[in-house]
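# Fold and geometry: a report
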Amino acid sequence: GQQVMQIPQYQHVQEGEDFTTYCNSSTTLSNIQWYKQRPGGHPVFLIQLVKSGEVKKQKRLTFQFGEAKKNSSLHITATQTTDVGTYFCAGANQGGYGGSQGNLIFGKGTKLSVKP
Amino acid sequence: DAGVTQSPTHLIKTRGQQVTLRCSPKSGHDTVSWYQQALGQGPQFIFQYYEEEERQRGNFPDRFSGHQFPNYSSELNVNALLLGDSALYLCASSFRNEQFFGPGTRLTVL
């Protein structure tokens with residue numbers, strides 16, 4: 001079945017360093033979403049990418065969707081201690097119902113720790 | 001406006017028992033999805049409910065069943081619990097492709 005792979009599994013950085021996590025799907029995706037989960041918390045939606053080659057920015061976060069719509073990346077510039085958590089990508093290859101997203105396939109996440 | 005709410009927060013059961021978890025979606029959301037998140041893993045899609053019917057299902061056995069009520073709230077039922085069912089169960093409601101997760105129910109099966 002469809003798989004979404006995410007690397008690295010863990011990343012330890014010094015505060016102020018940059019961080020990147022990569023996501024690869026075994027199949028072409030209709031869209032990809034990114035989530036952040038703090039320790040002990042639940043996933044929080046960050047962004048959705050839909051178009052081939054799309055790049056979106058949110059302050060220090062830059063999200064990219066590959067031309068083939070099979071890979072994506074999240075880059076954080078100048079990490080801060082508030083960036084600590086696990087970042088998940090989640091891919092979809094079909095639509096859902098109502099206003100919803102269909103079956104999302106999550107990667108295993110990249111756990112980011114930031115040393116002050 | 002309350003977000004997605006789930007109950008209970010924690011639950012301890014023994015093998016073979018049955019459990020029911022509950023979810024109330026964010027106001028205005030009509031679609032509810034359920035996910036299982038094992039420790040150190042990403043959430044795994046169980047199923048999605050819309051208009052009181054199961055619309056999509058992930059790779060989970062029939063022991064996992066659900067229901068959606070007219071007010072859009074939902075229940076997840078798991079029968080004949082196994083040790084491997086221990087996990088965080090997340091409910092998510094959706095609007096325009098933005099998915100909001102609830103805080104989850106931590107289920108421990110002994």
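Residues numbered from 1 in each chain as written. Chains lettered and ligands numbered in written order. Predicted model: local features only at pLDDT ≥ 70, side-chain atom pairs only at ≥ 80, totals over all residues. Heavy atoms only, no water.

### Observations regarding the overall build of chain B
Secondary structure assignment for chain B yields 0 helices and 11 strands. Its helices and strands taken in sequence order, chain B reads β-β-β-β-β-β-β-β-β-β-β from the N to the C terminus. By the compact-globule yardstick of 13 Å for 110 residues, chain B fits well, its C-alpha radius of gyration being 13 Å. Here the C-alpha coordinates of chain B stretch approximately 40 × 25 × 20 Å along the principal axes. Counting the 110 residues in chain B, one finds 50% classified as buried. The contacts of chain B with a sequence gap of at least 6 include a subset with a gap of at least 24, amounting to 50%. When the accessible area of chain B is evaluated, it comes to approximately 5200 Å², of which 48% is carbon and sulfur surface. (Helix = DSSP H or I, 4+ residues; strand = E, 2+ residues; numbered from the N terminus. Rg over C-alpha atoms; globule rule 2.2 N^0.38 Å. Buried < 20%, exposed > 50% of the residue type's maximum accessible area, 1.4 Å probe, protein only. Contact = heavy atoms within 4.5 Å. Areas by Shrake-Rupley, 256 points an atom, 1.4 Å probe, with all protein chains shown as cover.)

### Looking at the sheet that holds strand β7 (residues 64-68) of chain B
Residues and elements named next belong to chain B. In spatial order, the strands read β1-β3-β8-β7; together these 4 strands make up an open sheet with antiparallel pairing. Two strands lie at the open edges of the sheet, namely β1 (5-7) and β7, each paired on one side alone. Strand after strand, the sheet turns through a mean of 20° between neighbouring axes, direction not considered. Strand direction decides the pairing type here: strand β3 (residues 19-24) and strand β8 (residues 74-78), joined by 5 bridges, are antiparallel. (Pairing = 2+ DSSP bridges. Axes fitted to C-alpha atoms, helices over the stretch in contact; angles between N-to-C directions.)

### Some words on the environment of Pro-103 of chain B
All names here are of chain B. Inspection of the secondary structure puts Pro-103 in the loop between β10 (98-101) and β11 (105-109). When its relative accessible area of 45% is taken as the criterion, Pro-103 is described as partly exposed. For the pair Pro-103 and Tyr-89, spaced 14 residues apart in sequence, the C-alpha separation works out to 8.9 Å.

### Points about the pairing of β7 of chain B
Here β7 of chain B shows a clear split, with Phe-64, Gly-66 and Gln-68 of chain B buried on one side and none of Ser-65 and His-67 of chain B buried on the other. From the end of β7 of chain B to the start of β8 of chain B, which pair antiparallel, there are 5 residues, and Tyr-72 of chain B there has a positive phi angle of about 80°.

### Considerations on the packing of aromatic side chains
Summed over the entire model, instances satisfying the criterion amount to 12 aromatic pairs over all chains. Ring geometry for Phe-19 of chain A versus Tyr-87 of chain A: centroids 5.8 Å apart, planes at 45°, classification tilted. With Phe-19 of chain A in strand β3 (residues 19-25) and Tyr-87 of chain A in strand β9 (residues 85-92), this pair connects stretches of sequence that are 68 residues apart. For the pair Phe-19 of chain A and Tyr-87 of chain A, one class covers both residues: buried. Plain terms: the ring middles of Tyr-35 of chain B and Phe-101 of chain B are 5.4 Å apart, the flat faces sit at 55° to each other, and that makes the pair tilted. Note that Tyr-35 of chain B is positioned in strand β4 (residues 31-37) and Phe-101 of chain B in strand β10, a separation of 66 residues in sequence. With respect to burial, Tyr-35 of chain B and Phe-101 of chain B carry one shared label: buried. An aromatic cluster is defined as three or more aromatic residues linked by ring pairs; in this entry it consists of Tyr-35, Phe-45, Phe-88 and Phe-106 of chain A together with Tyr-35, Phe-45 and Phe-101 of chain B. Positioned above the aromatic ring of Phe-100 of chain B, the side-chain terminus of Lys-26 of chain B is 5.1 Å from the ring centre. (Phe/Tyr/Trp six-rings, centres within 6.5 Å; stacked < 30°, edge-to-face > 60°. Lys NZ or Arg CZ within 6 Å of the ring centre and 35° of its normal.)

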